[in-house]
Each structure stands twice: as C-alpha cells, then as structure tokens.
Amino acid sequence: MEVTIVGAGLVGCLLACYLSRRGHEVTLYERRPDPRTAGAERGRSINLAISERGIDALRRLGLAEEVLAEALPMPGRMMHATDGALTFQPYSADGSHAINSISRAALNRKLLDAAEAHPNVTARFGHRLAGIGNGTLEFETDGGPVTEKGQQVVIGADGAYSAVRARLQALQGTDFSQEYLDYGYKELTIPPKLGEFAFDPGALHIWPRGRSMMIALPNPDKSFTCTLFWPHEALASLDTPERVRAHFTQEYPDAAEVMPHLASDYARNPVGHLVTMRCDPWHGEVGGTLIGLVGDAAHAIVPFYGQGANCGFQDCVELDRCLEETGDDFAGALELFQRRKADTDVIARLALDNFVEMRDKVGSRVFLTQKRIEHALERMLPGRYVSRYELVSFTTTPYAEVERRIARQRRWAGASAAALLIAGAVTWKRRLHHQSARRR
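Residues numbered from 1 in each chain as written. Predicted model: local features only at pLDDT ≥ 70, side-chain atom pairs only at ≥ 80, totals over all residues. Heavy atoms only, no water.

## Focus: the overall build of the protein chain
As a reminder, the rule being used: Numbering of helices and strands runs from the N terminus; a helix is a DSSP stretch of H or I covering at least four residues, while a strand is a stretch of E covering at least two. By definition, residues are in contact when any of their heavy atoms lie within 4.5 Å. Computed with the Shrake-Rupley method and a 1.4 Å probe, the accessible areas treat only the protein chains shown as cover for residues.
Helix and strand content of the protein chain: 17 helices and 19 strands. Intrachain contacts of the protein chain at a sequence separation of at least 6 include 71% that bridge at least 24 residues. As displayed, the protein chain offers around 20,200 Å² of accessible surface, 52% of which is attributable to carbon and sulfur atoms.

Here it is as structure tokens:
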C-alpha cells in the first residue's frame, strides 16, 4: 500500500518506520524545511520527558538504546522555594525509575534519519498541505503549487493545528472541540556555570509559585532548558528588561543568578499557547482517499504529565497492532484504532489535573506527606499498590485501565483502613474490659 504521512515531526517519523517495516511505501510531507539543515525553531522546543511508553515504542524498532544515549535520566523532581530551599521528590518508591530529558529537535533529527534509512520511505520538506480531494493532495511550496495524485491512504501526524484534521472536520458526523488554558509558555536557558551544570542534572526542576511556575530540564551540553507557564497577562506585563530582572530576582532568585541572558531571551523568544483538542472520529474517507489521524492531530494535550510524545509514540504501536489484527486492511485498522480514544481522553484530563498539582501543591507539606505515605504503601505492598504516576510514566498500561486500577486501589485501601480502625477499636474495648475486670 502507498501511504502518505503529513507531518514529519516525532510521531510522523516514527509511524513511517513502523509502516515501512510492514512493507508499505511511505511518503512523508513536512511544511517546514528539513530540521537537520535548517535547525530548530527558536523558543519552541519544550524539552521532552521520554518515559516507558515512548521507550517501548522505540525499543520495538531497535531505536531505544540510541535515543537514550543522548538523554539525561531524572529520577525525581526538585522543588525550588523562594528562599532557596530545595526539596527532592523521587518519582518512584525505590528511586529506581526515571523519566528522561531529551531535546525535541535532537530526537526529531534522529527519527528522521531512522525513517529515511528505510528504502521505502521518502521525505519531502517545504510542502504545506492546502487541500485533499478525489485522490489528490494539494501542496503549497516555495516553487509554487504541487499536486500529488493517486493517494490511497493519508495519515495526519501534523500536530495540534492539523491541516489533515481540518479536512476531516468538514465531513458530516465529525465532532471537534478545543480548550485553551488562559496560560502561555515561554522558553529560557540556563547556560553551564563554569563548565558544569548550574543545578543537579538528575532532576526535573520546578519553581511552583501558586498561579504560575517555571520548570527546567537538563541538556547534554550542561545547560538547562527552562519553560515558564504563566497567565498571559503576567507574560505580557514584563515589558522591559528592568521588570524582567526584578521579577525573576524576587520569584526565582537562584535561577536569576545563573541566567546572564535572561532579559534578551525573554524579549526575543515567542509565547506559545496551551490547548487540549479532541476529535471524533479520527478517520474518514474523502473522494476515495482514506484519512486517519495520530498524535496531536487526533488528541492534543497540555504538557503537564510529560505524556504528549509518549502518548503519540504509543499511538504508533497501537496502529501497528491494529494493522496486524486486520491483515493490513487500512480501513479496518483505522476503525479499530478508534478504540484508543478512551485512553487519550483520560490522559488529556490527567494532564490538566497535573498542572494544578505542579503549580500549586508540590511545595506544600500536606502534599509531601501524602507522597511519603503513597511510597510507603508501594514498598509495603509491591505490585499490589502502585501510584498513578508510576502506572502512567513507568508502565505501558492503557491510560483508561490506569484510572480503573487506581479506583480499585482506593476502594481497597479505604476498606482496609476501615477494617484496621474497627480492629483497633475492638482491641481497645477489650483492653478496657480486662482492666475493669481486674479492678473488680
């Protein structure tokens, strides 16, 4: 089968590898220039935290070891208080699990190389999709419009603002919704300090400040990529270098000390938007061309659980599984792939919930106590009690099943606590009775 993938980002490239392995002829179209020669788009990389779902998808293609060689493991998160106090929170009870910091741009280049290493994969850059219809794709290029005919299957892997999905949305019966946070994001950089990391590279660093926060992820060159998640009005209010420096000195004093280019980076780097997008169904037919969606094109989520790329990579595994189950019948496979929507709906909601946790709760004593109790239960009941974070980040358990398991664990924990309280009350009453009998 000849398959067209629109979007040569992370998910598009990985899917090309999976489809090529199945023997299909794949053409990748990307609106941007080749990132291996043009470089990354300034201020919009958002370092990725690759965890088990993404690693599993890479491992199935023999790419995991190569990718992780350029990643930095982060076994926990480090909270930065305004007074400079640091608090480390391990992600797992025994500290053995870690999420992995990697540059989005570096990973994209590696996956492009992996895709083009397959003889039946072709990549074409500088092609912006303008239309789909009657077996043709219309592209805008620097050299003028281009028409590609005879398209059998078109997969949209072209991100949250997908041009492929826009065509699918025009079909009767397609539902679509988008939900913007009243927050934006802006990237900054903490360069190496005297040739070394300015902070501990073995952690995801968070500066929680109530309605806003900053995070920082380490890079192999010993810098950190920082991302501000602030209300739009707060981002706009720092409109002079003096205001930028004054605000950071007050709110992020330890970071401000090691950010020599803070004011210029803040002024130059763009503000990104945070959006959750939902579409149903993820497939359709236009003029005899089968259309499907994967990754952010189907289910864009906010980045606060670190699952955007991991979820998109797991899409590739699931679509490959659907093709296996249907004997490479793309119509049947795309219809079967729709079953994954139950999982992506769950992670979309969890990502929004986790924003509140990272922004407001991670620095509180109550939250820290809850985490210690949770880890204690995991150590006491290995395999029986597992936290939501562990299930999401360090297993490939379907997201919807994670929610069901957490609900079962809570019911069981509640019943166990009640039983212990009753047993304790009975023991206490017996003791009182014995003491009373002795006195008589």
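## Observations concerning the sheet that holds strand β9 (residues 128-133)
Rule in force here: Pairs of strands are assigned from DSSP output, requiring at least two bridges between the strands. In this analysis, axes come from line fits to C-alpha atoms, helices being fitted only over the stretch in contact, and the angle between any two N-to-C directions falls in the range 0 to 180 degrees.
The strand order β9-β10-β11 describes an open sheet built from three strands, whose pairing is antiparallel. Whereas interior strands pair on both sides, the edge strands pair on one side only; in this sheet they are β9 and β11 (144-149). With strand direction ignored, the average angle separating the axes of adjacent strands in the sheet is 20 degrees. Pairing of β9 with strand β10 (residues 136-141) involves five bridges; the strand directions are antiparallel. Note on β10: the bridge partner recorded for Leu129 is Phe139.

## Comments concerning the confidence of the model for the protein chain
This is how it is decided: Per-residue confidence from the prediction method is given by pLDDT, with values spanning 0 to 100.
Summary statistics for the protein chain give a mean pLDDT of 90 and a share of 88% for residues scoring 70 or more. Every residue in residues 417-421 is under pLDDT 50, and counting partners more than four places away or in other chains gives zero contacts.

## A closer look at the pairing of strand β2 (residues 25-30)
Along any regular strand, the residues point their side chains to alternate faces of the sheet. Put simply, the rule reads: Exposure classes here rest on a 1.4 Å probe applied to the protein chains alone. A residue is buried below 20% of its type maximum, exposed above 50%, and partly exposed in between. Look down the strands so they point away from you; if the path from the first strand over the helix to the second goes clockwise, the crossover is right-handed.
Counting buried positions along β2 yields five of six residues, so the element is predominantly enclosed. Sheet topology places strand β1 (residues 2-6) next to β2; five bridges connect them, and they run parallel. Each bridged residue has a counterpart across the sheet, and for Val3 the counterpart in β2 is Val26. Handedness of the β1-helix α1 (residues 10-21)-β2 crossover: right-handed. Judged from the five bridges that link them, β2 and strand β8 (residues 121-125) form a sheet pairing that is parallel. Residue pairing for β8: Leu28 is matched across the bridge by Ala123.

## Considering the packing of α1 against helix α12 (residues 308-325)
Between two packed helices, both the angle of their axes relative to each other and the distance between the axes serve to describe the pair. Selection rule: Orientation categories follow fixed angle ranges, with anything under 35 degrees roughly parallel, anything over 145 roughly antiparallel, 65 to 115 roughly perpendicular, and all other angles oblique. Whether a crossing is left-handed or right-handed is set by the direction in which the near helix is turned from the far one by less than a right angle, anticlockwise for left-handed and clockwise for right-handed.
At a closest axis distance of 9 Å, the pairing of α1 and α12 adopts a crossing angle of 20 degrees. The angle between the axes of α1 and α12 places the two elements in the roughly parallel class. Our pair here, α1 against α12, has a crossing hand that is right-handed. Here α1 contributes Leu10, Val11, Leu14, Leu15, Tyr18, Leu19 and Arg21 to the contact with α12, which in turn contributes Ala309, Gly312, Phe313, Cys316, Val317, Leu319, Asp320 and Leu323.

## Here's the deal with helix α3 (residues 52-59)
In terms of burial, α3 is a largely internal element, six of the eight residues being buried. For α3, the set of buried residues is Arg53, Gly54, Ile55, Asp56, Ala57 and Leu58.

## A few points about α1
Which entries qualify depends on this criterion: Helix span, as expected, comes to 1.5 Å for every residue beyond the first.
Taking 1.5 Å of rise per residue, the 12 residues of α1 would be expected to cover 16 Å, and the 17 Å separating its terminal C-alpha atoms lies within 8% of that figure. By the criterion of burial, α1 is predominantly enclosed, with 11 of the 12 residues buried. Taken residue by residue, α1 has Leu10, Val11, Gly12, Cys13, Leu14, Leu15, Ala16, Cys17, Tyr18, Leu19 and Ser20 as its buried positions. Two residues or fewer past α1, Gly23 is found with a positive phi of approximately 95 degrees.

## Examining the nonpolar core
Keep this limit in mind: Here, the term nonpolar core denotes a set of buried Ala, Val, Leu, Ile, Met, Phe, Trp, Tyr and Cys residues that are joined through side-chain atoms within 4.5 Å.
Ile5, Leu14, Leu28, Leu107, Leu111 and Phe313 are the most contacted members of the largest nonpolar core, which totals 63 residues. If one sorts the elements of this core by residue count, α1 sits on top with nine residues. Apart from residues lying up to four places away in sequence, Phe313 is in contact with Leu10, Val11, Leu14, Ile50, Gly54, Ala57, Leu58, Leu107 and Leu111. Ranked by size, the runner-up nonpolar core spans 36 residues in total, among them Met79, Leu391, Val402 and Ile406.

## Considerations on the pattern of salt bridges
One side chain can pair with another of opposite charge once the charged atoms of both are near each other. Cut-off, in case you're wondering: Basic side-chain nitrogens of Lys or Arg form a salt bridge, by our definition, when they fall within 4 Å of a carboxyl oxygen of Asp or Glu.
Taken as a whole and assessed by the stated rule, the structure comprises 28 salt bridges. For the salt bridge of Glu324 with Arg22, the shortest nitrogen-to-oxygen distance reads 2.8 Å. Remark: Arg22 occurs in the loop between α1 and β2 and Glu324 occurs in helix α12; sequence separation between them is 302 residues. We note a salt bridge from Arg36 to Asp34, for which the minimum N-O separation is 2.9 Å. Using a relative accessible area of 26% as the deciding quantity, one classes Arg36 as partly exposed. Residue Asp34 is classed as buried on the basis of its relative accessible area of 15%. Sharing partners across several salt bridges, the network here consists of Arg21, Arg22, Asp320, Glu324 and Asp328.

## Here we look at the environment of Glu251
Summarising the element assignment, Glu251 is placed in helix α8 (residues 241-251). Glu251 sits 170 residues away from Ala81 along the chain, and the two C-alpha atoms are 8.8 Å apart. For Glu251, the contacting residues outside a window of four places in its chain are Thr82 and Arg209.

## Quick notes on unusual backbone geometry
In this chain, Asp280 is followed by Pro281 through a cis amide linkage whose omega measures 0 degrees. The residue Pro281 is located in the loop between β17 (272-280) and β18 (283-286) in this model. The residue Leu194 is not glycine, and still its phi comes out positive at about 55 degrees. Position of Leu194 among the secondary structure elements: in the loop between β13 (175-190) and β14 (204-208). Non-glycine residue Asp328 carries a positive phi angle of around 60 degrees. The topology assignment puts Asp328 in the loop between α12 and α13 (330-337).

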